[in-house]
2 protein chains.
Amino acid sequence: MGDSAHGTENLRVVNLKQLSELLGLSQTTISRALNGYPEVNAQTRLRVLKAVQETGYRPNRAARRLATGKAGSIGLIMPIASEQSADIHFAEFQRGLADECLAHEFHFVIMPSQPDEEEQAIRGLVSSGSVDAYYLAYMRERDSRIAMAKSLPTPFIVHGRSLGLAEDYPYVDVDNERAFREATEFLLDLGHRRFALINGPADLDFAIRRRMGIEQALATRGLTLEDHAVSNTLMTDASGYRQMARILDSDVRPTAVLCASTVLALGAVRAISQAGKVLGRDISLIAHDDDLMLLKPENFIVPLTTTGSSLRDAGRRIAERLIAAVADPDAPALLGELWTADLIVRASTGPAPT
Amino acid sequence: MGDSAHGTENLRVVNLKQLSELLGLSQTTISRALNGYPEVNAQTRLRVLKAVQETGYRPNRAARRLATGKAGSIGLIMPIASEQSADIHFAEFQRGLADECLAHEFHFVIMPSQPDEEEQAIRGLVSSGSVDAYYLAYMRERDSRIAMAKSLPTPFIVHGRSLGLAEDYPYVDVDNERAFREATEFLLDLGHRRFALINGPADLDFAIRRRMGIEQALATRGLTLEDHAVSNTLMTDASGYRQMARILDSDVRPTAVLCASTVLALGAVRAISQAGKVLGRDISLIAHDDDLMLLKPENFIVPLTTTGSSLRDAGRRIAERLIAAVADPDAPALLGELWTADLIVRASTGPAPT
DNA sequence: TCTTTCCCTCAAAGCGCTTTGAAAGCCTTT
DNA sequence: AAAGGCTTTCAAAGCGCTTTGAGGGAAAGA
């Protein structure tokens, strides 16, 4: 098939022993040379580095893990409810994780899991020593995973929080409550009085907090958010459409709708225009924007007013903290980190129709 | 803090030695009991299983890897061009991978990499023994990664193919050429004569083949696809919008547009309606649909005619083949697998306007 | 010249598992 | 009662690396 264009034409994957024989050096010296220990002659180190280049030698990760206790990887559980599909939010987060991992020569290990087997999956990942640290996401109320994680010796960070539990665990979260409270206040100031919420799955912490935020803002004006004005669904275009259609169909039609994701908003907006209504005039909408490159709120036909916070940045930050915790296990554990989402006003919000 | 609700309250992660001391059995026997060897007394095996339950013991994966040579994981490179973001297509594929991995107790290891360092990244993953097998994607023309992969002893599968190379490597691909040829023929039969293509990145194999498919169909009617009628961009909503706007603006406006993804179509459709044109009447559009749950072609205001093929199924199939190759390295290596995309006619296509 | 010091290199142990080859125990069979 | 055949268990080696503690050689000091 022709020779490779590359210098390295080695079928065999070399190991340290072979390399040491090749160089006439002990395995110790080579290991030291590669790991930057000072007690190696500069000449020798150069020889070693050259040989590594030529042979394509890479330390076996499993062996290194066994010897050092460090795997150079962080773990995550990929939630796999059979009805739900690839989640762009998960992907965007992963992208941030990847950015940071790349910079530190970490990789990440993904363990798919059914929602009801997540604890098992974490245990598996951790006690099998596959990862040095891991992150927990898709938190529910009083989530039992947190207690479990704390009982395990491996560092972890929660993405999000868990209502009903003391916040004595490391986390990175967006202040969803505040974001939706402020968004609601903004709409109240525009004169809106009838609200609806197209929310994520009902059991997830972020969904609960978003609802709470709205309710708090409404309460200050003596208003309430009725159950039938709230829907909990998967974050897909189709769900957004369906829920908005339902809202538009209701007896006392809400004039202001909050939406847990731009993906949901996509369908919601479609329903609105199909009903012949004008977004920002007949009905106002604010969506939470996770800064998905795929779908920018400013590119909607009527640019969307949003509460914005970058999921990718969150991924990056979580990887950063995780990797730091692995590098220095004795470092003082910093705990919660609450990010503020920005309310960005665009054209999808306007005065309440009279 | 309260006691855990769970039976397992072990901070320490136990290992085989501790377990053997606990049970008064040798490590050998326990290992055999757990790995299903026949020469273990049924009673003894029960005792072992019970102890494993209670202690939460999991074999250390690194140690097992070292002893057996199998890591129980498959690897993938996550492309990280700084300008590009989380790719929903990558996520959807991953989801299929996950389904299959879960069934076989595999996990997958993701190594993020800049596009120009992918070969390095693969080498790293493979020669460090982090994975038992891996998959290659985002193939380019005459992609050098294939030769490299073949020179390495680790099983791999290519998702897609690489033009200009003999197809003597294992792959799973959709027949993009045929899909777009047939889609074009369908449009030709509707009377369309001026075509445009909103394509993926120009260097990717699938993008090249899709263009070829169109050109083939056009050639049979003595037509050609001009360079300026083709655009190559990232697969985002915003790109789709921009490109369609450009198309609508051109002197001799095309009446039929093919689109490499429903994500691109999303923006494209917006541009069309914003221009006051009616999809399926003033302009016809066919998009390739990777079966993203996020975005269903049948849910567009004007349901989209598509060429469809499930990315998730591809992921599942690739994991299946990879895992099989790991389980039995001597099995006859089956090579290419070419899937056919289905043309599904909906409302976004109609007779060419006269 | 002999000792001390420093620099460089090495042999060996150990990380936690699987697996080979041997041995112990218990029945059958002769 | 001894020999042979099962079944069940075990000790030890080895996977490829890092790391400890020690040793050899050269330069410096006595």
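Residues numbered from 1 in each chain as written. Chains lettered and ligands numbered in written order. Predicted model: local features only at pLDDT ≥ 70, side-chain atom pairs only at ≥ 80, totals over all residues. Heavy atoms only, no water.

## Some words on the sheet that holds strand 6 (residues 195–199) of chain A
In any sheet, the strands associate via hydrogen bonds between backbone groups, in a parallel or an antiparallel arrangement.
All names here are of chain A.
No. 1: Taken together, the six strands give an open sheet; going across it, the order is 7-6-8-9-10-12, and neighbouring strands pair in mixed fashion. Two strands close off the open sheet at either side, each with one partner strand: strand 7 (230–232) and strand 12 (342–344). In this sheet, neighbouring strand axes are inclined to one another by 15 degrees on average, regardless of whether the strands run parallel or antiparallel.
No. 2: By the bridge criterion, three bridges tie strand 10 (residues 305–308) to strand 12 in an arrangement that is antiparallel. Its bridge partner being in strand 12, Thr306 is matched across the sheet by Ile344.
No. 3: In the packing of helix 11 (residues 262–274) onto the sheet, contacts are made with strand 6, strand 8 (256–259) and strand 9 (284–289), and the angle to strand 9 comes to roughly 160 degrees. (Pairing = 2+ DSSP bridges. Helix = DSSP H or I, 4+ residues; strand = E, 2+ residues; numbered from the N terminus. Axes fitted to C-alpha atoms, helices over the stretch in contact; angles between N-to-C directions. Contact = heavy atoms within 4.5 Å.)

## Some details on the sheet that holds strand 3 (residues 133–136) of chain B
No. 1: Judged by pairing direction, the sheet is mixed, and its twelve strands sit side by side in the order 11(A)-5(A)-4(A)-3(A)-1(A)-2(A)-2(B)-1(B)-3(B)-4(B)-5(B)-11(B) without closing on themselves. Where the open sheet ends on each side, the last strands, each with one partner, are strand 11 (336–339) of chain A together with strand 11 (336–339) of chain B. Here the average twist between neighbouring strands, direction ignored, is 20 degrees.
No. 2: Taken together, the two bridges between strand 4 (residues 156–159) of chain B and strand 5 (residues 171–174) of chain B define a ladder with parallel strand orientation. Bridge pairing in strand 5 of chain B places His159 of chain B opposite Val172 of chain B.
No. 3: The strands touched by helix 6 (residues 118–127) of chain B are strand 2 (107–113) of chain A together with strand 1 (73–79), strand 2 (107–113) and strand 3 of chain B; relative to strand 1 of chain B, the strand with the most contacts, the crossing angle is about 160 degrees.
No. 4: Across the sheet, helix 7 (residues 144–151) of chain B lies against strand 3 and strand 4 of chain B, angled at about 165 degrees from strand 4 of chain B, the strand it touches most.

## Some words on the packing of aromatic side chains
Geometry of an aromatic ring pair is reported as the spacing of the ring centres plus the angle between the planes.
Residue and element names in this part refer to chain A.
No. 1: Inspection of the entire model under this criterion finds six aromatic pairs over all chains.
No. 2: Between the aromatic rings of Phe93 and Tyr135, the centroid separation amounts to 4.6 Å while the plane-to-plane angle is 25 degrees, which identifies the pairing as stacked. A residue pair is termed long-range when its members are at least 10 positions apart, and Phe93 in helix 5 (residues 88–103) and Tyr135 in strand 3 (residues 133–136) qualify at 42 residues.
No. 3: Lying over the aromatic face of Tyr37, Arg32 brings its terminal NZ or CZ to 5.6 Å of the ring centre. (Phe/Tyr/Trp six-rings, centres within 6.5 Å; stacked < 30°, edge-to-face > 60°. Lys NZ or Arg CZ within 6 Å of the ring centre and 35° of its normal.)

## Re the pattern of salt bridges
No. 1: Taken as a whole, this structure holds 48 salt bridges over all chains when the rule is applied.
No. 2: Arg145 of chain B is the salt-bridge partner of Glu118 of chain B, the closest N and O atoms lying 2.8 Å from each other. Of this pair, Glu118 of chain B sits in helix 6 while Arg145 of chain B sits in helix 7; the two residues are 27 residues apart in sequence, bridging distant segments of the chain.
No. 3: Residue class for Glu118 of chain B comes out buried when judged on its relative accessible area of 5%.
No. 4: Members of the salt-bridge network, linked through shared partners, are Arg95, Asp99, Arg312, Asp313 and Arg316 of chain A. (Salt bridge = Lys/Arg side-chain N within 4 Å of Asp/Glu carboxyl O. Buried < 20%, exposed > 50% of the residue type's maximum accessible area, 1.4 Å probe, protein only.)

## Focus on the protein's contact with DNA strand D
No. 1: Close to DNA strand D lie 29 residues, the nearest being Leu16, Arg32 and Tyr37 of chain A together with Ser26 and Thr28 of chain B.
No. 2: In DNA strand D, the atoms that sit within 4 Å of the protein are 62% sugar and phosphate, with bases accounting for the remainder.
No. 3: Between DNA strand D and the protein, one listed contact pairs a phosphate oxygen with a side-chain N or O atom of Tyr37 of chain A at 2.6 Å.
No. 4: In the environment of DNA strand D, a phosphate oxygen lies 3.0 Å from a nitrogen or oxygen atom belonging to the side chain of Tyr57 of chain A.
No. 5: At the level of elements, helix 2 (27–34) and helix 4 (61–68) of chain A together with helix 2 (27–34) and helix 4 (61–68) of chain B are the ones that each hand at least two residues to the surface near DNA strand D. (Near = heavy atom within 4 Å. Polar contact = N/O pair within 3.5 Å; in protein donor to acceptor, adjacent residues only side chain to side chain.)

## Remarks on the packing of helix 10 (residues 237–249) of chain B against helix 11 (residues 262–274) of chain B
All names here are of chain B.
No. 1: Their axes nearest at 6 Å, the elements helix 10 and helix 11 cross at an angle of 45 degrees. In terms of orientation, helix 10 and helix 11 fall into the oblique class. In this structure, helix 10 meets helix 11 at a crossing whose hand is right-handed. Together, Asp237, Ser239, Gly240, Tyr241, Met244, Ala245 and Leu248 of helix 10 and Val263, Leu264, Leu266, Gly267, Ala268, Arg270, Ala271, Ile272 and Gln274 of helix 11 make up the contact between the two elements.
No. 2: Considered class by class, the residues forming the contact of helix 10 with helix 11 number ten nonpolar, four polar and two charged. (Parallel < 35°, antiparallel > 145°, perpendicular 65-115°, else oblique. Left-handed = near helix turned anticlockwise from the far one by under 90°. Nonpolar A, V, L, I, M, F, W, Y, C, P; charged D, E, K, R; others polar.)

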